[in-house]
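Listed below, chain by chain, are the residues.
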Amino acid sequence: MTRWCYWVLLLTCGCAHNSSQTWEDLKTTGRYMGRNFDALLGKEYESRMIASDDEFIGPYEGEFLPLRDSDLRGALASADGAVPQPRGAPGEQGVPGLNDFYSPSGELRSLFQQVHFETDDHIVRDRSELQTLTQIAAFLKKNPNVYLVVEGHCDERASASYNIALGMRRANFIRSFLVKNGVDLNKVYTISRGKEKPLALGHSPDDWQVNRRGEFRIFEK
């Protein structure tokens with residue numbers, strides 16, 4: 001314990017010229033100190049690959065880092081293929097509000113089908129669903145008066161905050177795919193619903209698969 005206190009004091013005094021960085025260093029040091037102390041008390045933090053979906057529980061709440069808009073233009077942009085967010089937000093600068101968007105009906109309902117994700121993944125991998133996204137992109141290019149909201153959904157596992165971030169990454173993957181296929185980036189908006197709007201209310205792997213989805217709502221000017 002004496003050694004830990006020494007390092008905390010050293011960080012505080014040695015970095016006094018940058019209070020913001022000092023605080024971040026202290027938080028990081030405190031996190032590892034807490035883990036070491038917990039280890040002395042017999043508390044273990046699991047670090048292993050999961051063998052099946054049933055074992056997935058998400059990250060520890062204290063380590064959650066929310067997705068920021070700057071992430072989409074920085075480190076995540078190269079990993080996820082993300083593109084910049086639209087200039088205006090729904091309800092501002094002539095953009096329709098979220099309440100103005102609606103679920104496609106009639107023939108459009110068969111076009112704007114849901115796409116799905118694997119556990120703890122934000123990339124659409126099924127070939128037929130990638131083809132669905134390609135067809136949606138073609139429609140939006142031919143109909144520039146149509147605005148689109150992409151909703152990212154998750155299953156019930158892991159924390160609410162973790163699923164909000166995961167849902168946003170799922171929605172942004174879909175948006176990036178559409179923009180890279182020629183859709184106006186200022187006509188496609190994203191929102192995360194996390195795990196708050198499940199379609200299937202059960203607790204089986206089949207129910208979870210249904211709920212890990214991307215949905216679409218449109219507005220036509």
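This text follows the structure it describes.
Residues numbered from 1 in each chain as written. Predicted model: local features only at pLDDT ≥ 70, side-chain atom pairs only at ≥ 80, totals over all residues. Heavy atoms only, no water.

Our next topic: the pattern of salt bridges. Under the definition given, this model contains six salt bridges. The residue Asp-155 makes a salt bridge to Arg-157 at a minimum N-O spacing of 2.8 Å. In this structure Asp-155 comes out as buried when scored by relative accessible area, which is 4%. One network of salt bridges, with partners in common, ties together Glu-151, Arg-193 and Arg-217. (Salt bridge = Lys/Arg side-chain N within 4 Å of Asp/Glu carboxyl O. Buried < 20%, exposed > 50% of the residue type's maximum accessible area, 1.4 Å probe, protein only.)

Our focus in this paragraph is the packing of helix α6 (residues 127–142) against helix α7 (residues 160–180). When two helices pack together, their arrangement is given by the angle between their axes and by how far apart the axes lie. Interhelical geometry of α6 versus α7 gives an angle of 55 degrees and a closest axis separation of 9 Å. By the angle class used here, α6 and α7 are oblique. Crossing hand, α6 versus α7: right-handed. Facing α6, whose interface residues are Leu-130, Leu-133, Thr-134, Ile-136, Ala-137 and Leu-140, α7 presents Ile-174, Phe-177 and Leu-178. (Axes fitted to C-alpha atoms, helices over the stretch in contact; angles between N-to-C directions. Helix = DSSP H or I, 4+ residues; strand = E, 2+ residues; numbered from the N terminus. Parallel < 35°, antiparallel > 145°, perpendicular 65-115°, else oblique. Left-handed = near helix turned anticlockwise from the far one by under 90°. Contact = heavy atoms within 4.5 Å.)

With that settled, consider the packing of aromatic side chains. One pass over the structure, following the stated rule, counts three aromatic pairs. In this structure, Arg-157 is placed above the aromatic ring of Trp-208, and the distance from its NZ or CZ to the ring centre is 4.0 Å. (Phe/Tyr/Trp six-rings, centres within 6.5 Å; stacked < 30°, edge-to-face > 60°. Lys NZ or Arg CZ within 6 Å of the ring centre and 35° of its normal.)

To continue, consider α6. Between its terminal C-alpha atoms α6 stretches 23 Å, which fits the 22 Å expected from 16 residues at 1.5 Å a residue. Listed as buried for α6 are Glu-129, Thr-132, Leu-133, Ile-136, Ala-137, Phe-139 and Leu-140. The buried residues of α6 occupy an angular sector of 165 degrees when the element is viewed end-on, so they sit on one face. In α6, the exposed positions that point more than 90 degrees away from the buried face belong to Arg-127 and Lys-142. (Expected span 1.5 Å × (residues − 1). Arc of directions from axis to C-beta.)

Here we take up α7. In this model α7 runs 30 Å from its N-terminal to its C-terminal C-alpha over 21 residues, within 8% of the 30 Å that 1.5 Å per residue would give. Within α7, 15 of the 21 residues are buried, leaving the element largely enclosed by the surrounding structure. Positive backbone phi, approximately 100 degrees, marks Gly-182, located one or two places after α7.

In terms of burial, strand β3 (residues 188–194) is a largely internal element, six of the seven residues being buried. Where strand β2 (residues 146–153) meets β3, six bridges bridge the pair, whose relative direction is parallel. The partner of Val-150 across the bridge, within β3, is Thr-190. Between β2 and its parallel partner β3, the chain crosses via α7, and the hand of that crossover is right-handed. (Pairing = 2+ DSSP bridges. Right-handed = clockwise from strand over helix to strand, strands pointing away.)

This next bit is on the nonpolar core. If you look at the biggest cluster of nonpolar residues, it comprises 22 residues, and the most contacted ones within it are Phe-112, Leu-140, Leu-148, Ile-174 and Leu-178. Of all the secondary structure elements, the ones that give two or more residues to this core are α6, β2, α7 and β4 (213–220). Those residues in contact with Phe-112 that lie beyond four places of it in its chain are Pro-104, Ile-136, Phe-139, Leu-140, Leu-148, Phe-216 and Ile-218. Among the nonpolar cores identified, the runner-up in size contains six residues, and Val-95, Tyr-147, Tyr-189 and Ile-191 belong to it. (Core = buried A, V, L, I, M, F, W, Y, C linked by side-chain atoms within 4.5 Å.)

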